[in-house]
Amino acid sequence: MSAAIEAQKVTRRFGDFVAVDAVDLTVEEGELFGLLGPNGAGKTTLIRMLTGLSRITSGEAFVAGVDVRRDPVALRRAIGVVPQALTSDLDLTGWENLDIYARFFEVPRQRRRARIEELLRRVELWERRGDLVSTYSGGMRRRLEIARGLIHRPRLLFLDEPTIGLDPQSRRTIWDLLRELHGGDSLTISLTTHYMDEAEALCDRVAIIDHGRVVAVGSPAQLKASVPGSDTLDVTLDGPASEELAAAMGALPGVRRIDREDARLVVRADDGARILPRLVEAITREGRTVTAAAMSRVSLEDVFIQITGRSIRDGRAAASEARRSSLPRRFT
Amino acid sequence: MITRVLAVFERDLRRMLRNPMTLFGAILMPLVYLIILGNSLQGPIERLPLGVVAFDQGPEAREFIGALQALERGPKTVRLVRETDAEGALASLRRGRLAGFVVVPPHFSSDLARGRNAAIGLYVDNVDAVASAALVAAVTATLPAVKSPLARFERHLGPAEVRPQEIYPRVDYDTSLVPAVVVMAIFIGSMLAGGFNLVMDRFLGVHESYLSTPLTRLDIALGVLGSGTVVTMASSALVLSAGLLLTGGRVHGGPLGWVALVLVLFLTTFGLLAMMMAALGRANHPRVGQMLGGFLNVILFFPSGALYPIESFPAWLRVVAVVDPETHSIAALKAILFRSGDLQAAATSVAYLIVFGLAMAALAVTTLKRTL
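Residues numbered from 1 in each chain as written. Chains lettered and ligands numbered in written order. Predicted model: local features only at pLDDT ≥ 70, side-chain atom pairs only at ≥ 80, totals over all residues. Heavy atoms only, no water.

**Observations regarding the overall build of chain A**
For clarity, the cut-off: Runs of E in the DSSP output that reach at least two residues are strands. Runs of H or I that reach at least four are helices, and both are numbered from the N terminus. Under the scheme applied here, a residue whose accessible area is under 20% of the maximum for its type counts as buried, over 50% as exposed, and between as partly exposed, the area being computed with a 1.4 Å probe on protein chains only. For this analysis, residues touch if any pair of their heavy atoms sits within 4.5 Å. Note on areas: these come from Shrake-Rupley sampling with a 1.4 Å probe, and a residue is covered only by the protein chains present in the view.
Helix and strand counts for chain A stand at 12 helices and 14 strands. Viewed in the frame of its principal axes, chain A has a C-alpha envelope of about 80 × 50 × 50 Å. For chain A, with 332 residues in total, the buried portion stands at 49%. The long-range share in chain A, meaning contacts at least 24 apart out of those at least 6 apart in sequence, stands at 68%. Counting every atom, chain A has about 15300 Å² of accessible surface; 48% of that belongs to carbon and sulfur.

This is how it looks when you write it as structure tokens:
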């Protein structure tokens, strides 16, 4: 495998503010790679640099084999970009939107028609090709913009928060489309998101970015496994759990931590599926009855908390709070 | 490059054509200006209510009042209202029933007969500067009538007169506004097709999407300039046709006159569009575009001599008029439309428009290369 994205010490400063701080990143060809982090973490700035839309202050980056700083035109021909803002023309039809962008890429007329048809069918907008985009729903517009990003058959597709503001059904449709592009076409995809479930559901590997730095990289499974006691067992007994019982259960092999709360025992373990039967058996041996048991696996949200010490929602709230506090009082 | 520029051109053109209300507004607004301005600023001031308080019935006093009556019946500048005393007339003036009143003092005629100075009092409501100035001018103009019959009788002089000779076909005020209205249509078209489109596209992130394709900033600038020129020229041509139809005007000079007309429309459109793109090159919110558009309209339209002769301006405003492209555009259009096709009269203005257009295009491209 060769690298689709190779970034070394990539930094972006705005005056004294460091938006992206010496990021090293490698994305292999054919990967669906996620950049995960709260708003204001530096994801979009990093993507803007990798797509040639923003200057790199220091460091170097190669995208699709092209030196981002030296050959922006070759870079643009090699990549497709689906920005966060919906930028398709409302006054043009779906077909016209794709046709205009195909001409930006100087796709020859004969190939253009076939490619537009292929893409519109693929994103399930063929029947609506002649309608003005102003009549499309948000999900349809996003699908059209993904098709637009693919019009010139790029080697690598960048998507910035592709499902932001969409209803659950539209999100699922976009997910299916991305899975198809990734699985069927082996397209390399770089996906920016602050939705943990999205990154978990779609990405081969994820980089968690916070305060302009990449703080962790790995597959969702690897990242989750890096959290000690990655599974949670919630066991309810027939009566209040004694301290002695909790201590005995805590001594079982594989149990990382145990918390007692009236009739509940909350157990953190590395391999919950293996521990649960043993736990029930040990409780029964102690003469108690288990009335309910549930197991939940660690999520990327837990990974984020483990690494950064706060939840991604706190980060979003903090970012929005920081923006508000930077405004004059009369605007807040 | 041509393919890319044409794609931007076509995209903008389609968008504008699919917003007929905007285009309709760009055509309708200048025509409304023509009708409103044409009827609100033109023509003599008539029927100003003038009170007359006469304390003297002598020959000169009667002569003066006779001259005022002639003014009432002839040019109808005033409508005379008999008043019995000055206090009552003053009260009527304050209440707005009179625009002014004259007081002929008791010894007016006898003082004049004895060779003394005699004055008639004229009280005006000077809140309305234009009406009061017209009233002062009209009343002052009647004074020579007080003595002139006697002078003519003594010296046996014949009446002198001035016969104005107009060297071009008659141009009434409505028709004289047509060039101004066409230039206003070009300004509005440039603002909508060039300035606002550019600002909105930047605001909505369209340029960012553009720049993640092989499209260059120059491609975008040329595409917007091209589509804006076509749309603005088409709308201004419609305004010109409607203006000529409404006023009964026509294009002089045969085919050459038409060619010159299209050339002036093109140069004005190109120059104003490029100026708008340069001015709004840094604007990143539609509100900035609206504010700047309104500001530019005022500082370009009014000093252009569109409504009032430049010769009446103070020195500093004349300087503004000289560099104002709309001044030259209106002058060129007047030469083509009203000077019987005397195209040489438009040569200097056309030369200025060429220089202005090239300078603004260079400035727009330079600005947009940095700011897009």
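**Quick notes on the sheet that holds strand 12 (residues 255-261) of chain A**
Hydrogen bonds between backbone atoms are what pair the strands of a sheet, whose relative direction is either parallel or antiparallel. All names here are of chain A. Test applied: The pairing criterion for strands is at least two bridges between them, as found by DSSP. Lines fitted to C-alpha atoms define the axes here, with helix axes fitted over just the stretch in contact, and angles between the N-to-C directions of these axes take values from 0 to 180 degrees.
Taken in spatial order, the 4 strands of this open sheet run 12-13-11-14, and their pairing is antiparallel. The open sheet has two edge strands with one neighbour each: strand 12 and strand 14 (290-297). Shown here is a sheet whose adjacent strand axes are inclined to one another by a mean of 15 degrees, direction ignored. Sheet topology note: the strand 11 (residues 231-237)/strand 14 ladder contains 7 bridges and is antiparallel. Within the sheet, the bridge partner assigned to Thr232 lies in strand 14 and is Ser296. Relative to strand 12, helix 9 (residues 243-250) is tilted by about 165 degrees, and along the sheet it contacts strand 11, strand 12 and strand 13 (264-269).

**A word on the pattern of salt bridges**
The condition that has to hold: Each salt bridge in this description consists of a side-chain nitrogen of Lys or Arg and a carboxyl oxygen of Asp or Glu lying within 4 Å of one another.
A complete count under the given rule lists 39 salt bridges over all chains for this structure. Across the pair Arg11 of chain B and Asp89 of chain A runs a salt bridge, and its minimum N-O distance is 2.7 Å. With Arg11 of chain B in helix 1 (residues 2-17) and Asp89 of chain A in the loop between strand 6 (79-82) and helix 3 (94-104), this pair bridges two chains. Side by side, Arg11 of chain B and Asp89 of chain A carry an identical accessibility label, which is buried. We note a salt bridge from Arg116 of chain B to Asp111 of chain B, for which the minimum N-O separation is 3.5 Å. What you see here is one network of salt bridges that share partners, running through Glu96, Asp99, Arg103 and Arg112 of chain A together with Glu10, Arg14 and Arg18 of chain B.

**Overview of the sheet that holds strand 3 (residues 100-104) of chain B**
All names here are of chain B. Taking strand neighbours across the sheet as the criterion, the 4 strands line up as 2-1-3-4 in an open arrangement whose pairing is mixed. At either margin of the open sheet sits one strand with a lone partner, and together these are strand 2 (78-82) and strand 4 (121-124). With direction set aside, neighbouring strand axes in the sheet form an average angle of 25 degrees. With 4 bridges connecting them, strand 3 and strand 4 associate as antiparallel partners. Looking across to strand 4, one finds that Val103 is bridged to Gly121.

**Considerations on the interface of chain A and chain B**
The condition that has to hold: Buried area: the accessible area, evaluated with a 1.4 Å probe, that two parts lose upon being put together, summed over both parts. Under this grouping Gly is polar, as are all residues other than the nonpolar Ala, Val, Leu, Ile, Met, Phe, Trp, Tyr, Cys and Pro and the charged Asp, Glu, Lys and Arg.
Counting from both sides, the interface comprises 22 residues of chain A and, opposite them, 23 residues of chain B. Each partner contributes to the roughly 2100 Å² buried at the junction of chain A and chain B, and carbon and sulfur atoms together form 55% of this total. Taken as a group, Arg76, Arg103 and Phe104 of chain A account for 31% of the area that chain A buries against chain B, more than any other trio of residues on that side. The salt bridge partner of Arg14 of chain B is Glu96 of chain A, with a shortest N-O separation of 2.9 Å. For the side of chain A that touches chain B, the secondary-structure elements that each account for two or more residues are helix 2 (72-78) and helix 3 of chain A. In terms of residues, the side of chain A that touches chain B owes the most to one element, helix 3 of chain A, which gives 5 residues. Among the residues making up the side of chain A that touches chain B, the classes are represented as 11 nonpolar, 2 polar and 9 charged.

**With respect to the nonpolar core**
As a reminder of what qualifies: The nonpolar core is taken to be a set of buried Ala, Val, Leu, Ile, Met, Phe, Trp, Tyr and Cys residues, with the residues joined through side-chain atoms within 4.5 Å.
The biggest cluster of nonpolar side chains holds 119 residues, and the ones touching the most others in it are Ile146, Leu157 and Leu181 of chain A together with Met277 of chain B. The leading source of residues in this core is helix 9 (residues 178-204) of chain B, at 13 residues. Aside from chain neighbours lying at most four places away, what touches Met277 of chain B is Gly194, Leu198, Ala221, Val224, Leu225, Ala364 and Leu368 of chain B. Val23, Leu25, Leu35 and Leu46 of chain A belong to the second-largest nonpolar core, a separate cluster that totals 29 residues.

**Notes on the domain arrangement of chain B**
Note the threshold: The split into domains, and so the bounds of each, comes from an automatic or database assignment of domains.
One can read the domain layout of chain B as domain 1 (48-166) and domain 2 (173-367). For domain 1 of chain B and domain 2 of chain B, the distance between their C-alpha centres works out to 48 Å.

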